[in-house]
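# An overview of the molecular structure
Here's the letter readout for the chains.
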Amino acid sequence: MMATASLHPLADDYLDRLEHAARRLPRGERRELVEEIRAHLYEATHPDMSDAEILSVLDRLGEPEDIVEAERSHELSGIDRRGIHEWSAIFLVLFGGFVFGVGWIAGAILLWSSRAWNTRDKLIGTLVVPGGLAAGLWGALAVAVVGAGRVCTTAVPRGAERCSGGASTLGLIGVIALLAVLVLGPFCTAMYLARRAR
Amino acid sequence: MVAIGESVISQLRRGVLEFCVLALVRDEERYGFEIVRALSEASGLVTTEGTLYPLLGRLRKEGVVETTWRESPSGPPRRYYRLTAAGAAKLAAFAAEWVRFRDSVDALLETGVPR
């Protein structure tokens, strides 16, 4: 076996360009595609070929971006990769936090071990919001308590109310936005993951 | 020469290419490079060889072909493709439909009236 034999430098450059173009693909697909093209280059070229001959082989192969685009279009039109593994991951990342947090950790493990998502999807799935909906709700509760921490006292003689502490209007808008992110974020992430796994 | 829309031809090509792959591995198993070169040497079927590899991947995942790795005398191991029963059924269905389609279009192109 001559798998260790080297390729012509132009063929190596081509593979580098392909790897770069393929970085948007899920890791399994990316590795498989690059290996297929590498095998093609081993079959179609040898290191002693002239630059012109190599360039003609590469020309027949097409632009790396077009190959990656073909892979992506097959992915989109092709098989729905949302099996039990993926649905469990989405469900647990969203709701698993309610089970003492361990459900969320199991979800994160399933998320990272699936081939249906790329690294960016997995980071979003893990970080928005870590702990999922349970953590989001706890966070929201904490924010609400701090934000709405207005202390009001009713002055005895004339029933006038005096309030101290609490947030200004601007602060209040910030608190509401934060609440929305903490509670809606996990739902949006779950929908995003479901869509990306197709 | 009048140029016809490139997209028409590329859509036709995209539609039939997978069946050309299935036909190539119907009677004997072939490895990826062999399939790609055979298709690329048939006139007008393939413009860029590299885009065939994603198609081969999809056919594998669909289960219409199955593959075996074998050592190569001159490089990394080769992945050999062969038609599965599901693939044979799909190819046979397409072949029957294709004959009707081709005959109808040919008749219209040649005589201007449907057959």
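The text that follows walks through the structure, step by step, so that each part is easy to find.

About the criteria used
Residues numbered from 1 in each chain as written. Chains lettered and ligands numbered in written order. Predicted model: local features only at pLDDT ≥ 70, side-chain atom pairs only at ≥ 80, totals over all residues. Heavy atoms only, no water. Helix = DSSP H or I, 4+ residues; strand = E, 2+ residues; numbered from the N terminus. Buried < 20%, exposed > 50% of the residue type's maximum accessible area, 1.4 Å probe, protein only. Contact = heavy atoms within 4.5 Å. Areas by Shrake-Rupley, 256 points an atom, 1.4 Å probe, with all protein chains shown as cover. Patch = residues over 30% accessible without salt bridge, like charges linked within 9 Å, V, L, I, M, F, W, Y side chains within 5 Å. Salt bridge = Lys/Arg side-chain N within 4 Å of Asp/Glu carboxyl O. 1 Å grid on protein atoms, 1.4 Å probe; cavity = no way out; pocket = protein on both sides within 12 Å on 5 of 7 lines; lining within 4 Å. Points joined across faces, edges and corners; volume = space filled by probe spheres on them. Nonpolar A, V, L, I, M, F, W, Y, C, P; charged D, E, K, R; others polar. Arc of directions from axis to C-beta. Polar contact = N/O pair within 3.5 Å; in protein donor to acceptor, adjacent residues only side chain to side chain. Buried area = accessible area lost by both parts, 1.4 Å probe. Core = buried A, V, L, I, M, F, W, Y, C linked by side-chain atoms within 4.5 Å.

This part takes up the overall build of chain A. Each helix and strand in chain A was counted, giving 9 helices and 2 strands. Beginning at the N terminus, the succession of helices and strands in chain A can be written as α-α-α-α-α-α-α-α-β-β-α. Counting all 198 residues of chain A, 38% fall into the buried class. Summarising the internal contacts of chain A: among those between residues at least 6 apart in sequence, 67% fall at separations of at least 24. Total accessible area on chain A is roughly 11,500 Å²; 64% of this is exposed by carbon and sulfur atoms.

Residues and elements named next belong to chain A. On the surface, a cluster of nonpolar side chains totalling about 1,100 Å² of accessible area is made up of Phe91, Phe95, Phe98, Val99, Phe100, Val102, Leu137, Leu184, Phe187 and Met191. Residue assignment for the nonpolar patch shows that the elements contributing at least two residues are helix H5 (84–95) and helix H9 (169–196). The dominant element in the nonpolar patch, judged by the number of residues it contributes, is H9, at 3 residues. Its place among the elements puts Val99 in the loop between H5 and helix H6 (102–113). Take Val99: its relative accessible area is 47%, and that puts it in the partly exposed class.

For the structure on display, the rule yields 2 cavities of 30 Å³ or more. Put simply, the largest cavity is a space of about 80 Å³. For the largest cavity, the full set of lining residues is Glu29, Glu32, Leu33, Glu36 and Glu71 of chain A together with Tyr53, Pro54, Gly57, Arg60 and Lys61 of chain B. Put simply, the parts of the chain that give the lining of the largest cavity at least two residues each are helix H2 (27–44) of chain A together with helix H3 (52–62) of chain B. With 5 residues, H3 of chain B is the largest single contributor of residues to the lining of the largest cavity. Per-class residue counts for the lining of the largest cavity are 3 nonpolar, 1 polar and 6 charged.

Residue and element names in this part refer to chain A. As for its position among the elements, Glu65 is in helix H4 (residues 64–77). Separated by 44 residues in the primary sequence, Glu65 and Ala21 place their C-alpha atoms 5.7 Å from one another. Dropping the residues within four chain positions of it, Glu65 is found in contact with Arg17 and Ala21.

For the rest of this paragraph, the subject is helix H7 (residues 119–127) of chain A. Residue and element names in this part refer to chain A. When we look at burial in H7, the residues that qualify are Asp121, Lys122, Gly125 and Thr126. Down the axis of H7, the sector holding all buried residues measures 130 degrees, keeping them to one side. Exposed residues on H7 whose side chains face more than 90 degrees from its buried face are Thr119, Arg120 and Leu127. Those residues of H7 hidden inside the fold are in contact with H5, H6 and H9. Where H7 begins, one side-chain oxygen reaches toward the backbone nitrogen of Arg120, 3.2 Å away; that side chain belongs to Asn118.

Listed by partner, the interface residues are 22 residues for chain A and 25 residues for chain B. With both sides pooled, the region where chain A packs onto chain B buries about 2,200 Å², and carbon together with sulfur makes up 58% of that total. Applying the counting rule to chain A against chain B returns 8 salt bridges. Between Glu43 of chain A and Arg78 of chain B there is a salt bridge; the shortest N-O distance is 2.7 Å. Counting the contacts that link chain A with chain B gives 10 residue pairs in polar contact (both at pLDDT 80 or more). Looking at the side of chain A that touches chain B, the elements with two or more residues in it are H2, helix H3 (51–61) and H4 of chain A. Among the elements that line the side of chain A that touches chain B, the one with the most residues is H2 of chain A, at 10 residues.

Evaluated as defined, the whole model comprises 24 salt bridges over all chains. Residue Lys61 of chain B is joined to Glu29 of chain A by a salt bridge in which the shortest nitrogen-to-oxygen separation is 3.0 Å. Taken as a pair, Lys61 of chain B in helix H3 and Glu29 of chain A in helix H2 lie in two separate chains rather than in one. We classify Lys61 of chain B as partly exposed; its relative accessible area is 41%. Note on Glu29 of chain A: relative accessible area 5%, which makes it buried. The shortest N-O distance in the salt bridge between Arg79 of chain B and Glu32 of chain A comes to 3.5 Å. Of this pair, Arg79 of chain B sits in strand E3 (residues 75–83) while Glu32 of chain A sits in helix H2, which puts the two residues in different chains. Members of the salt-bridge network, linked through shared partners, are Glu32 and Glu36 of chain A together with Arg60 and Arg79 of chain B.

By size, the foremost hydrophobic cluster in this structure holds 44 residues, and its most contacted members are Ile37 and Leu41 of chain A together with Leu22 and Ile35 of chain B. Every element with two or more residues in this core is listed here: helix H1 (9–21), H2, H3 and H4 of chain A together with helix H1 (6–24), helix H2 (32–41), H3 and E3 of chain B. Looking at which element gives the most residues to this core, the answer is H2 of chain A, with 6 residues. Residue contacts for Ile37 of chain A: discarding those within four places in its chain leaves Tyr14, Leu15, Leu18, Leu61 and Ile67 of chain A together with Gly50 and Tyr53 of chain B. Ranked by size, the runner-up nonpolar core spans 12 residues in total, among them Leu94, Ala116, Leu193 and Ala194 of chain A.

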